[in-house]
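Structural overview
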Amino acid sequence: MSLYPSLEDLKVDKVIQAQTAFFSNPANPAIFSEASSPITQDAGIYPKLYPELAQYMGLSLNEEEIHRNLAMVPSQGQQIATRPSSVNYMVAPVTANDVGIRRAEIKQGVREVILCKDQDGKLGLRLKSVDNGIFVQLVQANSPTSLVGIKFGDQILQINGENCAGWSSDKSHKILKQAAGDKITMVVRDRPFERTITMHKDSTGHVGFIFKNGKITSLVKDSSAARNGLLTEHNICEVNGQNVIGLKDSQIADILAAAGNVVTITIMPAFIYEHMLKRMASSIMKSLMDHNVPEV
């Protein structure tokens, strides 16, 4: 069973597979569920897409773009282009190998990182106790923590071999303060409270949701946001992997506008988000939080 970054990728892939089946076996024509328009075969190596695909699901698509996103032409049972993921391969005829998805990816499993304190004896990290677990509340820009790829919302499972389960926020900070500065080992699980949603801008440049103070408040009917399962009462943590916590709505809107046609946002339920940032001044989030675009 194939997996897709977005519903748009799934639908376009079905169109492609149906037309491929039709032209490979004209005596047994495929059944097209999304459109009934007559199709004429292109003289090229790839079957002609539906005439209305240029406006398919409100997107601005064209045959050249689909060609670029496919590493090979599907024929005789071959699989179409796939995008590698940490767990499996995703079929992405529209999204392709989008860098925003790779920046935002929430990897499964746990990983070990090794940090060293800076010249001031700091890590640039704040931790928060939530449901008997220790989570990253703040990562400062250009700090030792940011350099090893730790992000807001990551769960810290161990510090120097000690399990963090049941620790308070104060105890976790005390352990870090007392640790030797030349080597601190942490075991990390990527952002268990967060998930990513990949969407596609329509012909007007929108994905179809409204937010206030970083919280999603409403969805536009039949938009890419609505189709792909974006939920209200969730806060935006990242846009294409870039942390936006603490930024003004206008700044987040500018980042969304500057993004390409594919937009991946990372969201967290509002009640967890508010608990994570409880008692942290907005000025600290704005001035200290790492808002740099991560490298992949």
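From a predicted model like this one, the values you see are computed outputs, not experimental measurements. (Residues numbered from 1 in each chain as written. Predicted model: local features only at pLDDT ≥ 70, side-chain atom pairs only at ≥ 80, totals over all residues. Heavy atoms only, no water.)

**Description of the pattern of salt bridges**
Spelled out, the test is: Counted as salt bridges are all cases of a side-chain nitrogen of Lys or Arg within 4 Å of a carboxyl oxygen of Asp or Glu. The numbering of helices and of strands both runs from the N terminus, where a helix is a DSSP run of H or I of at least 4 residues and a strand a run of E of at least 2. Between buried and exposed lies partly exposed: a residue is buried under 20% and exposed over 50% of the maximum accessible area for its type, with that area taken using a 1.4 Å probe on protein chains only.
By the definition in use, this model includes eight salt bridges. Here Glu238 makes a salt bridge to Lys151, at a shortest N to O gap of 3.4 Å. Of this pair, Glu238 sits in strand β12 (residues 234-239) while Lys151 sits in the loop between α4 (144-147) and β6 (155-159), placing them 87 residues apart in sequence. The class for Glu238 is buried, based on a relative accessible area of 3%.

**As for the side chain of Ser143**
Applied cut-off: Polar contacts here mean pairs of N or O atoms no more than 3.5 Å apart (in protein, one a potential hydrogen donor and the other a potential acceptor; neighbouring residues in sequence count only if both atoms are side-chain atoms). Any two residues having at least one pair of non-hydrogen atoms within 4.5 Å are treated as being in contact.
Topologically, Ser143 is positioned in the loop between β5 (133-139) and α4. A distance of 2.7 Å separates a polar side-chain atom of Ser143 from the backbone oxygen of Gln140. Leave out the neighbours within four places in its chain, and Ser143 touches Leu123 and Gly124.

**Observations regarding the packing of aromatic side chains**
Here the distance between the centres and the angle between the planes together describe a pair of aromatic rings. Stated formally: Pairing of aromatic side chains requires ring centres within 6.5 Å, counting the rings of Phe and Tyr and the six-membered ring of Trp. Pairs whose planes differ by under 30 degrees are stacked, by over 60 edge-to-face, and all others tilted.
Considering all chains together, one arrives at three aromatic pairs under this definition. With a centroid separation of 6.3 Å and an interplanar angle of 65 degrees, the aromatic rings of Phe152 and Tyr273 are classed as edge-to-face. Here Phe152, found in the loop between α4 and β6, pairs with Tyr273, found in helix α8 (residues 270-276); they are 121 residues apart in sequence, far enough to count as distant. Owing to a relative accessible area of 3%, Phe152 belongs among the buried residues under this scheme. Aromatic pair Phe209 and Phe211: ring centres 5.9 Å apart, planes at 40 degrees, arrangement tilted.

**A closer look at the layout of surface pockets**
The line we're drawing: Cavities and pockets were defined on a 1 Å grid built from protein atoms only: a cavity is a group of points that admits a 1.4 Å probe but offers it no way out, a pocket is an open group of points flanked by protein on both sides within 12 Å along at least five of seven lines, and a lining residue is one with an atom within 4 Å of any such point. Grid points are joined across faces, edges and corners, and a volume is the space filled by probe spheres set on the points. Classes in brief: Ala, Val, Leu, Ile, Met, Phe, Trp, Tyr, Cys and Pro nonpolar; Asp, Glu, Lys and Arg charged; the others, Gly included, polar.
Computed from the structure, the largest pocket encloses a volume of approximately 660 Å³. Lining the largest pocket are 27 residues; nearest its centre among them are Ser146, Gly149, Lys151, Pro294 and Glu295. For the lining of the largest pocket, the elements supplying multiple residues, two or more each, are α3 (99-104), α4 and β13 (242-243). In terms of residue class, the lining of the largest pocket is made up of eight nonpolar, seven polar and 12 charged.

**Describing the pairing of strand β14 (residues 262-269)**
Applied cut-off: Only when DSSP finds a minimum of two bridges between them are two strands counted as paired.
Counting buried positions over the eight residues of β14 gives eight, a clear majority of the element. Neither face of β14 is left uncovered, since the one carrying Val262, Thr264, Thr266 and Met268 and the one carrying Val263, Ile265, Ile267 and Pro269 both have all their residues buried. As defined by bridge partners, strand β9 (residues 195-200) adjoins β14 across six bridges and the pair is classed as antiparallel. When the sheet's bridge partners are listed, His200 is paired in β14 with Val262. As judged from the five bridges shared by β12 and β14, these two strands associate in the antiparallel manner. Within β14, the position partnered with Val239 by the bridge is Ile265.

**As for unusual backbone geometry**
The phi dihedral of Asn132 is positive, around 65 degrees, even though this residue is not glycine. If you trace the backbone, Asn132 turns up in the loop between β4 (125-130) and β5. Overall, Asn132 belongs to the exposed group, its relative accessible area being 56%. Non-glycine residue Glu233 carries a positive phi angle of around 60 degrees. By relative accessible area, which is 46% here, Glu233 ends up partly exposed.

**What about helix α7 (residues 249-258)?**
Using the following cut-off: When we speak of the arc, we mean the arc of directions from the helix axis to the C-beta atoms.
Ile252, Ile255 and Leu256 are the residues of α7 that are buried. Buried residues of α7, seen end-on, are gathered within an arc of 100 degrees and therefore sit on one face of the element. Residues of α7 that are exposed and angled more than 90 degrees away from the buried face: Asp254, Ala257 and Ala258. In the core, the buried residues of α7 are packed alongside β10 (209-212), β12, β13 and β14.

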